Amino acid sequence: MATLEQCRDALDKLAENLAGANGDLRSAAALDRSVSCWITDLDTTFMGRLVESRIEDVTTAPGPPGERAQIRLSMSGDDLVALVDGELHFARAWGSGRVKLEAGLLDLLRLRKLL
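Residues numbered from 1 in each chain as written. Predicted model: local features only at pLDDT ≥ 70, side-chain atom pairs only at ≥ 80, totals over all residues. Heavy atoms only, no water.

Colleague: Can you tell me about the pattern of salt bridges, naming the residues and giving the values?
Modeller: For the structure shown, the criterion picks out six salt bridges. For Asp107, the salt bridge identified is with Arg33, shortest N-O distance 2.9 Å. Here the residue Asp107 occupies a position in helix α5 (residues 105–111), and Arg33 occupies one in strand β1 (residues 32–39), the gap between them amounting to 74 residues. Exposure remark for Asp107: the relative accessible area of 8% places this residue in the buried category. (Salt bridge = Lys/Arg side-chain N within 4 Å of Asp/Glu carboxyl O. Helix = DSSP H or I, 4+ residues; strand = E, 2+ residues; numbered from the N terminus. Buried < 20%, exposed > 50% of the residue type's maximum accessible area, 1.4 Å probe, protein only.)

Below, the structure written as structure tokens:
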């Protein structure tokens, strides 16, 4: 089972990947949205803001998200680490229910380029 530190490291790596994206990927991530990622097996939520292809102001809180972010993810810590490391394909994980993504329709259309 992934630790809280490993999940934090994976989110930092994701933030670096987004910041270094080019072309269509960069434009897809160029949103200004609140984001939450609930790590179900650790019962911890990471919350932050996706701004111009960067994830900023990341905080943690125990339990599921208390506030409704505009982009909401939930998954196990192991799945987060595997996704960021490229060992788990997002579409397969989402289709099987291992990863849950909730967002507005326009955000989903833009995010599909990233995923």
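Colleague: Hey, could you go over helix α3 (residues 77–84) for me, with residue numbers and the actual values?
Modeller: The buried fraction of α3 amounts to six of the eight residues, a majority that puts the element mostly inside the structure. Burial in α3 covers these residues: Gly77, Asp79, Leu80, Ala82, Leu83 and Val84. Lining the buried residues of α3 we find α1 (4–19), β1, β4 (71–75) and α4 (90–96). Gly86 sits one or two positions beyond α3 and adopts a positive phi of about 80°. (Contact = heavy atoms within 4.5 Å.)

Colleague: How would you sum up the sheet that holds β4? Please name residues and give values.
Modeller: The sheet built from five strands is open, its strands ordered β3-β2-β1-β4-β5 with mixed pairing. Where the open sheet ends on each side, the last strands, each with one partner, are β3 (54–62) and β5 (100–103). Each adjacent strand pair in this sheet contributes to an overall mean axis angle of 15°, direction not counted. Strand direction decides the pairing type here: strand β2 (residues 44–51) and β3, joined by seven bridges, are antiparallel. Bridge pairing links Arg49 to Glu56 in β3. Contacts from α3 reach β1 and β4 within the one sheet, and its direction differs from that of β4 by about 110°. (Pairing = 2+ DSSP bridges. Axes fitted to C-alpha atoms, helices over the stretch in contact; angles between N-to-C directions.)

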